[in-house]
Amino acid sequence: MGVSLSRAAEWTWDSSGTGQLESTPMNESLLNGILRFVEQFSSQHPQEAEHVFEEPLQWSTTLVASDFKTDYDISDSDAQSHEKDSDGQPLLQLSPPIVCVRNFSQLSKLLHLADNKQEEVRACLQENREPVVKILGASVVSILEKEGSHTDALDQDSEAQVKLFLLLQNMDNQLLSKCLQEISETVGLDPAAVQTEVELLKRFCSEGEKRLLKSLQYTSGYVFLNGCRAPPWRQVLGEMCYLVIEPYDTEALNITCGTDGVFLNGGINQEQEESGYERTSDIHKDLVTLLKSISPHFAENLNEQDFAVEELPSTQKIQHVEKKYVRNRWKNLGLLSPHGQAEDKKKPSISPGGGKAGEIQKKKLGSGAKSKMKEEFSVSSLPGRLSSQKMTSDAFSESSSESEEEEEQPERRPENSTDLPSEYWQIQKLVKYLKGGDQTATVLTLCAMMDFNLMQETCQLAIRDVGGLEVLINLLDTDEVKCKIGSLKILRKISHNLQIRRAIVDMGGLQSIVKILDSPVKDLKALAAETIANVARFRRARRTVRQYRGIKKLVKLLDCAPNLTNVTTDQEKDVEVARCGALALWSCSKSTKNKEAIRKAGGIPLLGRLLKSPHENMLIPVVGTLQECASEESYRIAIQTFGMIKDLVKNLSNNNDELHMHCARAIFKCAEDEQTRDLVRKYKGLQPLVALLKKSSNKELLAAATGAIWKCSISMENVARFGEYKALETMVGLLTNQPEEVLVNVVGALGEFAQIPANKATIRKCGGIKSLVNLLTGTNQALLVNVTKAVGACATDMDNMAIIDQLDGVRLVWSLLKNPSADVQASAAWALCPCIKNAKDAGEMVRSLVGGLELIVNLLKSTNNEVLASICAAIAKIAKDKENLAVLTDHGVVPMLAKLTNTTDDRLRCHLAEAIGQCCTWGINRASFGDAGAVAPLVRYLKSKDTAVHQSTAMALYQLSKDPNNCITMHGRGVVKPLIHIMGSDDEVLQEAAAGCVRNIRLLALANRKAQLFI
């Protein structure tokens, strides 16, 4: 009634959102199983049957009062039981059609009285979607699911609750096992058939004439033993995997592949909401048939001969899903009852040794009792999925820049046991010795295991499959140093495997490893830190390290003297411990909270001291940690304060490319600050950055170097220095055949370089204008922002503008105003301003863009101030052409500009006033602005401290003052006094505009006075 109801049951939803159990064989099987369980509950578990529910189960029943005989009080149409709870509430109460039941005893009696028992169960489950929570209470269920049967958090009277929870959980397991058995016996598509068809379709995603699809990918990379990728609770419904396919002529398709065929689903997200799994199309026999029915482009261009080479399995004889693998997979997940387990755990042999050997043996096998509850089914036991009860607010507080979880990789397993190499079986034998041997045997077995190539996936999975991972983790809790060292050496190597490191965290091994960081044995501390560095590559592991105070312990390991000339053996060990600690902190530093924890633990000065080390293997993790943390402002300030910029620059001259990359990334993040940019120049770091551009084959290094150059070039002094090193010419050469990460940085740098007039000519001579215009057709938003900025900067040169116009660059920039990103829209609008200003026939060029002016006006509805400011600036340029201004007026530009006048953003105010001033020159626009209420807010702009706002506002008020009604409004708002003050400005344009406005107001006042005299 828990997971089986929420995951295995098939639901439909009406318009009001009410869930109904469908009439399907799967649901019938589940309802019959629950019915038998409840009917027999009172006789089989009389004590638990009397337990009163935390909340009553209520539903609309078909029973009436006359159906209840003895043991019930009948009153008219109502009925209630003689039995009552401690509060005096009846354990069963009927007020037709609603019935309330408070324990299993009464629930069992009610079902015996019902004529249609299954319908009663159906109605009960439909109106009580979380029956287990109502029966035991949400807090109790949360504790039990988290702690298992070992629940110190519950009171002494909760034994019945624990037993009841276990009974309900066992019933869930049995229901799911039965469903799986029924599914595995049915005939349908095979995972191998789907995989083969997917591989064939992937050929059409490649470049060239045969390309029919943009992309095809699985939503999950995790592959279960039976070949399925769907979660277990969806596999019981016959679903095998989920795909996202993007054809050329339609939106991306979310597809479910099941044993019955393939169909479209609602779009499965990371939260795996149930609505995403729902079928939204007809079922098709295979993927090709579905794609043909939806994508005309695919159907028309598909050459049937492409599929004739290898007949699709879906058109051959349909195979059965292999029952053996399915059953083993569910057993490994803990979904089969203890009676269904094929392999019992080995009992410990009596150790001939005493003392520590006996303790080691106890530690190795002691987890059996602790993990008894974990063998029962819970959602949290599934790979890659956390129980919702375990997700605290801390789970969602990691860095926004990091991915939700490390990308799942498919677990590739041989088809059958004959494909496994001999090492697999040899390691499994050693693990058996490890489980049953004494202290000496344990150490020898660990040594023998290390003789294998533990970096090989087969060896890693052999240890896990036979239960060796659990034994290795339990050895960490012993007092025997040799056993701990041997275990950590093995864990350090096998934890490079994604499945292994997840399993280590799931088993609680990371807590034990963190605890070892306090050990006085330096070899142990180094091994533990290096193992943490491997394991903490995904979010949950990093959070675990922090929660168990591992960050503070790792920072403590950094305290050593790294650059001594004559070091003792003990000091060498200290340096190695520090290196391993830095490696672990590097992995942990991908979390925002961990970055803060490192800072609070005093990690920054220690990292700064290690940055002076002459050893590359020390510098790489130290600089790696610093560049990860440099995304936080507090670290950037500290890196500058502690003088680390000098060391970062110094290491750019090293011979190690990986070190170069991390140093350049650190400079890239820190160079947002002007003082840091000056320090890089001061310590002669600009030339080494330019030298790194020659290593264009190393794309990661190239991206880091170009990023550092981009940020450093924000300072014009650095741009001048880069000119001496011929950096601009090299950067222009990188505008083609480079990954987007490199292009974003290169184009960003060119946008800064183009601020100097001489560089605009250099970009043109090197062919950079054409390359920049070509990049305007891309889709990467960060790249488009930088490209439009660079094109706009180059367009201020008349010769460059002629090339941009010739290449149809203005149309491409204008089309980016349709981009959904506000940043792209704003950057494109700013770029249009110099393009319109410097175009040969700007008015005609703008009119030639069909729908362009309407698009500009519609963007005045944006809620982003930067977009609004840029659009207003563009309108001010466009409105200088009378014909274009007339079209803008017809599209309603006047009322839309007037609506924006109440803004307090000075940047927007400046360009808005300029746009209003230019739009006043057409027809009755001046009067229209006054009628729309734009005049009074503009007067307030004169109180701004920004002189640019004063200038554009004075110009706008001068134009508006040519309408008498506007003059009256201005005078009433007290515009004369600030305008007289502005008339004393050194800016002649500002003086003239202010004086003109005052003159118009004065002329109106004189005319009014004369009129009064002659009345």
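Please refer to the structure placed before this passage.
What you see is a predicted model, and the numbers here were worked out from it, not measured in a lab.

Undergrad: Before we move on, can you summarise the environment of Ser696 with the specific residues and values?
TA: Take Ser696: it is sitting in the loop between helix 35 (686-691) and helix 36 (699-712). Taking relative accessible area as the criterion, Ser696 reaches 29% and is therefore assigned partly exposed.

Undergrad: Could you give an account of the sheet that holds strand 10 (residues 253-258), naming the residues involved and the relevant values?
TA: In space, the 4 strands of this open sheet follow the order 8-9-10-11, with antiparallel pairing throughout. Strands at the two margins of the open sheet, each flanked by one partner only, are strand 8 (213-218) and strand 11 (261-264). Taking the axes of each pair of neighbouring strands and ignoring which way they run, one obtains an average angle of 25° across the sheet. Here 5 bridges tie strand 8 to strand 9 (residues 239-247), and the two strands are oriented antiparallel to one another. Note that in strand 9 the partner of Leu216 across the bridge is Ile245. Sitting on the sheet, helix 9 (residues 191-202) is in contact with strand 8, strand 9 and strand 10, with an inclination near 150° to strand 8.

Undergrad: Can you tell me about the pattern of salt bridges, naming the residues and giving the values?
TA: Any two side chains of opposite charge can pair, given that their charged atoms come close. Per the stated rule, a full pass over the model turns up 31 salt bridges. Here Arg599 makes a salt bridge to Glu596, at a shortest N to O gap of 2.4 Å. On the criterion of helical spacing, the pair formed by Arg599 and Glu596 is a turn pair, its members being 3 residues apart in helix 28 (residues 592-600). The class of Glu596 is partly exposed, set by a relative accessible area of 29%. In this structure, Glu883 and Arg847 form a salt bridge, with 3.6 Å as the shortest nitrogen-oxygen distance. Note that Glu883 is positioned in helix 49 (residues 882-890) and Arg847 in helix 46 (residues 842-847), a separation of 36 residues in sequence. Salt bridges linked by common partners bring Arg492, Glu530, Glu576 and Arg579 together as one network.

Undergrad: Could you give me a rundown of the state of the cysteines, with the residues and numbers involved?
TA: Counted according to the given criterion, the structure contains 0 disulfides. Left without a disulfide partner, Cys483 is nearest to the cysteine sulfur of Cys447, which lies 9.6 Å away. For Cys483, a relative accessible area of 0% gives the class buried.

Undergrad: Can you break down unusual backbone geometry residue by residue, with the values?
TA: Omega for the peptide link from Pro96 to Pro97 comes to 5°, which places this bond in the cis form. Position of Pro97 among the secondary structure elements: in the loop between strand 6 (92-95) and strand 7 (98-101). Notably, Asp71 is not glycine yet its phi reads approximately 70°, a positive angle. Counting through the fold element by element, Asp71 comes out in the loop between strand 3 (57-60) and strand 4 (72-75).

Undergrad: I'd love a proper account of the pairing of strand 7, names of residues and values included.
TA: Judged from the 4 bridges that link them, strand 3 and strand 7 form a sheet pairing that is antiparallel. Bridge pairing in strand 7 places Ser60 opposite Ile98. The pairing of strand 6 with strand 7 spans 4 bridges and is antiparallel. From the neighbouring strand, Ser95 faces strand 7, where its bridge partner is Ile98. Between strand 6 and strand 7, which pair antiparallel in sequence order, lie 2 residues.

Basis of the calculations
- Residues numbered from 1 in each chain as written.
- Predicted model: local features only at pLDDT ≥ 70, side-chain atom pairs only at ≥ 80, totals over all residues.
- Heavy atoms only, no water.
- Helix = DSSP H or I, 4+ residues; strand = E, 2+ residues; numbered from the N terminus.
- Buried < 20%, exposed > 50% of the residue type's maximum accessible area, 1.4 Å probe, protein only.
- Pairing = 2+ DSSP bridges.
- Axes fitted to C-alpha atoms, helices over the stretch in contact; angles between N-to-C directions.
- Contact = heavy atoms within 4.5 Å.
- Salt bridge = Lys/Arg side-chain N within 4 Å of Asp/Glu carboxyl O.
- Disulfide = S-S within 2.5 Å.

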